[in-house]
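# Geometric and topological summary
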Amino acid sequence: MTAKSRDMSTDLAQNARDYARIKAAILYLEAHFRDQPGLDEVARAGGLSPHHFQRLFRRWAGISPKRFGQFLTLDYAKAQLEASATLLDAAYDAGLSGPSRLHDLFVTYEAMSPGAFKKGGDGVDIAWGVHPSPFGPCFIGLTEHGICALGFADDANGIVQAEFERRWPAARFLQDRAATAPVAARIFGGQPTGDAPLRLVLAGTNFQLKVWEALLRIPPGRLTSYHALGESLGLSRSARAVGGAVAANPISYLIPCHRVIRRTGRLSNYEWGPNRKRIMLGWEAARFGPTSSAASRSTATRLR
């Protein structure tokens, strides 16, 4: 691991500790944002002093707790949904996933052959490791061709691994944190512009692959509905099937299924917990939403 990767890993571990310590306060904000709670009240929910909480929250989210709370409101979600159809159309027309991919991260993917998919990964070795992330412990699985699994847990207890063993029943899982640590640092800790794309290895039906590719075109800080996602694929009457494919996404966060919500503006369930989905969306909106300074500085992502 290079010195830069070690520095990113250190920052990542700090962000993970911050997440664990302020999670209760974020959930309190989400539940009480209509009451406009003050700093003292929110800090108390997180078990911290107001001064310490303010500093900690800014370090993790990049904005104040009050500003973060604004991104959790139903009105914000609805406003994002109103623009979702044109957002997806523009992204497809440009051949891009949007104007602001997190950390200027390049992503490309390849699909397993139908035969290999049916065999459940027979003959495939998957190196795996659990690492800190801004959203709790993160499970990462790698084949020789790229990332095949990414999921989250509230603790590193093996439940996430069991989920991916179910997806790849014939593969051989080998714990190798040395192999997965640089990937975790790159995904969540940032990367220099110009690095080679992160490669994803997807195992799914043709329909699922089509939906997952559409998810890659939703920029950070923006939301869409299951209905709008289906319309963008010419499947306006198949929202339920689209939702099933979204839920089956094996590489969470990089394939951003968390950016799809119901047309009412309500957040639906998320494989790794609805509270984590809310926190992810608020965290991204703070950095990449239409009013954030980061959004105007970021560059486009290629999907090859």
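The structure this text deals with has already been given above.
The following paragraphs examine the structure supplied in this document. Being a predicted model, the structure only gives us computed values, none of them experimental.

### Quick look at the packing of helix α10 (residues 206–215) against helix α12 (residues 239–247)
The contact between α10 and α12 brings their axes to 9 Å, and the two run at 75 degrees. Relative to α12, the element α10 is oriented roughly perpendicular. Along the contact surface, α10 presents Phe207, Gln208, Val211, Trp212 and Leu215, while α12 presents Ala241, Val242, Ala245 and Val246. Grouping the amino acids of the contact of α10 with α12 by side-chain chemistry returns eight nonpolar, one polar and no charged.

### Quick word on the nonpolar core
One recurring pattern in soluble globular proteins: nonpolar side chains tend to sit buried together. Core analysis: the largest hydrophobic core is formed by 70 residues, its most contacted members being Trp60, Phe152 and Ile187. When residues in this core are grouped by element, the largest group, six residues, is from helix α1 (residues 3–32).

### Digging into the packing of aromatic side chains
Given two aromatic rings, their pairing is described by the distance between the two centres and the angle made by the two planes. For the structure shown, the criterion picks out eleven aromatic pairs. Judged by centre distance (5.4 Å) and plane angle (10 degrees), the rings of Phe139 and Phe164 are stacked. With Phe139 in strand β3 (residues 138–143) and Phe164 in helix α8 (residues 159–167), this pair connects stretches of sequence that are 25 residues apart. Each member of the pair, Phe139 as well as Phe164, is classed as buried. Taking 6.1 Å as the distance between ring centres and 35 degrees as the angle between the ring planes, the aromatic pair formed by Phe164 and Trp272 counts as tilted. Highlighted residues: Phe164 in helix α8 and Trp272 in the loop between β8 (260–261) and α13 (274–288), separated in sequence by 108 residues. What makes Phe164 buried here is its relative accessible area of 0%. Note on Trp272: relative accessible area 11%, which makes it buried. Taken together through their ring pairs, the aromatic side chains of Phe53, Phe57, Trp60, Phe135, Phe152, Phe188, Tyr253 and Trp283 make up a single cluster.

### Points about the environment of Pro37
Relative to the assigned elements, Pro37 resides in the loop between α1 and α2 (39–45). The class of Pro37 is buried, set by a relative accessible area of 17%. The sequence separation of Pro37 and Pro65 amounts to 28 residues, and the corresponding C-alpha distance is 10.0 Å. Once you skip the residues sitting within four places of it in the chain, Pro37 turns out to touch Tyr28, Leu29, His32 and Val42.

### Topic: the pattern of salt bridges
Within this structure, the stated rule accounts for six salt bridges. We note a salt bridge from Glu110 to Arg199, for which the minimum N-O separation is 3.0 Å. Pair noted here: Glu110 is in strand β1 (residues 107–111) and Arg199 is in strand β6 (residues 198–202), with a separation of 89 residues, a long-range link. One salt bridge connects Arg172 with Asp125, and the closest N-O pair in it is separated by 3.0 Å. In this pair, Arg172 is assigned in strand β5 (residues 172–175) and Asp125 in strand β2 (residues 125–131), connecting sequence segments 47 residues apart.

Reading guide: rules and limits
- Residues numbered from 1 in each chain as written.
- Predicted model: local features only at pLDDT ≥ 70, side-chain atom pairs only at ≥ 80, totals over all residues.
- Heavy atoms only, no water.
- Axes fitted to C-alpha atoms, helices over the stretch in contact; angles between N-to-C directions.
- Helix = DSSP H or I, 4+ residues; strand = E, 2+ residues; numbered from the N terminus.
- Parallel < 35°, antiparallel > 145°, perpendicular 65-115°, else oblique.
- Contact = heavy atoms within 4.5 Å.
- Nonpolar A, V, L, I, M, F, W, Y, C, P; charged D, E, K, R; others polar.
- Core = buried A, V, L, I, M, F, W, Y, C linked by side-chain atoms within 4.5 Å.
- Buried < 20%, exposed > 50% of the residue type's maximum accessible area, 1.4 Å probe, protein only.
- Phe/Tyr/Trp six-rings, centres within 6.5 Å; stacked < 30°, edge-to-face > 60°.
- Salt bridge = Lys/Arg side-chain N within 4 Å of Asp/Glu carboxyl O.

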